[in-house]
Amino acid sequence: MKRLVLGVQYDGSRWHGWQTQPSGQTVQDQLEKALSAFAKSAVKTTCAGRTDAGVHALEQVIHFDTELDRSMYSWMNGVNAFLPDSIAVLWANEVPFDDPDAQDNFHARFSAYARTYHYVLYNNPVRSPLWAQRAGWVFRSLDVSKMREATSYLLGEHDFTVFRAAACQAKSPIKHMYDVQIRQQGDLLIFTLRASAFLHHMVRNIIGSLLFVGIGKKEPDWIEHLLISRDRSLSAPTFMPDGLYLAKIDYDKKWDLPQNKNDNFLGLLPLNDSQ
């Protein structure tokens, strides 16, 4: 038995989220269908983090177990031949799996120590058909400097209940936010959030609240008051999923996964840019 790890990219606008559903119209359903066709036997996958309908992934990470002996190149290109054009396997890698019962085996979700999301926002008085389902849209003018000031209150370990969806199944609302950055180029804003883990709708709820600051409805320190309140009803509505991208899952280097960096998303400004 082998444990294989895949990096998967997808356009979420065409699917009903990641997690399998009876309709079969999810990314997991399509990927498992393709894997099973290639392997000629049923394959069940485990992902690093489930994404909602309309949410994209630059690099989702999944694992599965198989007895099939194929090259990593074959797993990548062979499976892609069975996938729709909105989903693709970027890379495949085998991880050590000598003892299936060992506690330290690689696990796509539990072996991860951080996740990074990008949110792409188109800020222009007129909506752009070219960015439809690829970016969120705000027609009001935004004060980016105030939004950047507001992000400082999100850093560190906090109880993020105020940004948590009612249906969230996470055991704890306490997460560590390592970094939040906002880059701007023309009419595009890229929000990048990196944390130990994220609650259901957490990124979209944070974006919605930062936009309240950006349009002048709230001051930057309102974010601090929200976190202290732990009252979801006080924060902004959940923002649209269109511009949300699961960008990267961080794992220990010992697993030697051939992951993409995704640090310079869409060829925009460097990750550490503050202009």
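Above this text is the structure in question.
None of these values were measured; they are calculated from a predicted model.

**Regarding the nonpolar core**
Reasoning step 1: Of all hydrophobic cores here, the largest spans 75 residues; its most connected members are Trp75, Phe191 and Tyr251.
Reasoning step 2: Among the elements that make up this core, the one with the highest residue count is helix 4 (residues 202-214) (eight residues).
Reasoning step 3: Counting residues in each nonpolar core, the second largest holds eight residues, with Val120, Leu188, Tyr245 and Ala247 among its members.

**Let's talk about the pattern of salt bridges**
Reasoning step 1: The final tally for this structure, using the stated rule, is ten salt bridges.
Reasoning step 2: Note that aspartate 85 and arginine 14 form a salt bridge whose closest N and O atoms lie 2.7 Å from each other. You can see aspartate 85 sitting in the loop between helix 2 (72-80) and strand 4 (87-95) and its partner arginine 14 sitting in the loop between strand 1 (2-10) and helix 1 (27-39), a full 71 residues away along the chain.
Reasoning step 3: With a relative accessible area of 69%, aspartate 85 lands in the exposed category.
Reasoning step 4: Here arginine 230 and aspartate 159 are joined by a salt bridge, their closest N and O atoms 3.5 Å apart. In this pair, arginine 230 is assigned in the loop between helix 5 (222-229) and strand 10 (244-250) and aspartate 159 in strand 7 (residues 156-159), connecting sequence segments 71 residues apart.
Reasoning step 5: Through salt bridges with shared partners, a single network forms among Asp11, Arg14, Asp85 and Arg134.

**Notes on the environment of isoleucine 87**
Reasoning step 1: Relative to the assigned elements, isoleucine 87 resides in strand 4.
Reasoning step 2: On a C-alpha basis, the gap between isoleucine 87 and alanine 57 in space is 9.4 Å, while along the polypeptide they are 30 residues apart.
Reasoning step 3: The residues contacting isoleucine 87, other than those within four sequence positions of it, are Val8, Gln9, Tyr10, Trp15, Val27 and Gln30.

**Description of a negative patch on the surface**
Reasoning step 1: A cluster of acidic residues, Asp98, Asp99, Asp101 and Asp104, forms a negative patch on the protein surface.
Reasoning step 2: Among the structural elements, aspartate 99 can be located in the loop between strand 4 and strand 5 (114-123).

**A short note on helix 3 (residues 144-151)**
One full turn of an α-helix is made of 3.6 residues, so residues set three or four places apart face in the same direction.
Reasoning step 1: All of the buried residues along helix 3 are Val144, Met147, Ala150 and Thr151. Down the axis, helix 3 shows its buried residues gathered within 115° of arc, on one side only.
Reasoning step 2: Summarising the contacts, the buried residues of helix 3 are in contact with strand 8 (174-185), strand 9 (188-195), helix 4 and helix 5.

**Some points on the environment of arginine 14**
Reasoning step 1: Residue arginine 14 is classed as partly exposed on the basis of its relative accessible area, which comes to 48%.
Reasoning step 2: Through-space distance from the C-alpha of arginine 14 to that of glycine 208 is 23 Å; in sequence the pair is 194 residues apart.
Reasoning step 3: When residues no more than four places from it in sequence are discounted, the contact partners of arginine 14 are Asp85 and Ser86.
Reasoning step 4: For arginine 14, the side chain forms a polar contact with the side chain of aspartate 85, separated by 2.7 Å.

**Observations regarding the packing of helix 4 against helix 5**
Reasoning step 1: It is at 10 Å that the axes of helix 4 and helix 5 come closest, and there the two elements cross at 145°. The chirality of how helix 4 crosses helix 5 is right-handed. Between helix 4 and helix 5, the contacting residues are Ser209, Leu210, Phe212 and Val213 on the first element and Trp222, Ile223 and Leu226 on the second.

**Regarding the packing of helix 1 against helix 2**
Relative placement of two packed helices is described by the angle separating their axes and the distance separating the axes.
Reasoning step 1: Close contact between helix 1 and helix 2 brings their axes to 9 Å; oriented N to C, the two are set at 115°. Read as a crossing pair, helix 1 and helix 2 show a hand that is right-handed. On the side of helix 1, the interface is formed by Leu31, Ala34, Leu35, Phe38 and Ala39, while helix 2 contributes Ser74, Trp75, Gly78 and Val79.
Reasoning step 2: Of the residues in the contact of helix 1 with helix 2, the class split is seven nonpolar, two polar and no charged.

Conventions adopted
Residues numbered from 1 in each chain as written. Predicted model: local features only at pLDDT ≥ 70, side-chain atom pairs only at ≥ 80, totals over all residues. Heavy atoms only, no water. Core = buried A, V, L, I, M, F, W, Y, C linked by side-chain atoms within 4.5 Å. Buried < 20%, exposed > 50% of the residue type's maximum accessible area, 1.4 Å probe, protein only. Helix = DSSP H or I, 4+ residues; strand = E, 2+ residues; numbered from the N terminus. Salt bridge = Lys/Arg side-chain N within 4 Å of Asp/Glu carboxyl O. Contact = heavy atoms within 4.5 Å. Patch = residues over 30% accessible without salt bridge, like charges linked within 9 Å, V, L, I, M, F, W, Y side chains within 5 Å. Areas by Shrake-Rupley, 256 points an atom, 1.4 Å probe, with all protein chains shown as cover. Lys, Arg positive; Asp, Glu negative; His and termini not counted. Charge placed at Lys NZ, Arg CZ, Asp CG, Glu CD. Arc of directions from axis to C-beta. Polar contact = N/O pair within 3.5 Å; in protein donor to acceptor, adjacent residues only side chain to side chain. Axes fitted to C-alpha atoms, helices over the stretch in contact; angles between N-to-C directions. Left-handed = near helix turned anticlockwise from the far one by under 90°. Nonpolar A, V, L, I, M, F, W, Y, C, P; charged D, E, K, R; others polar.

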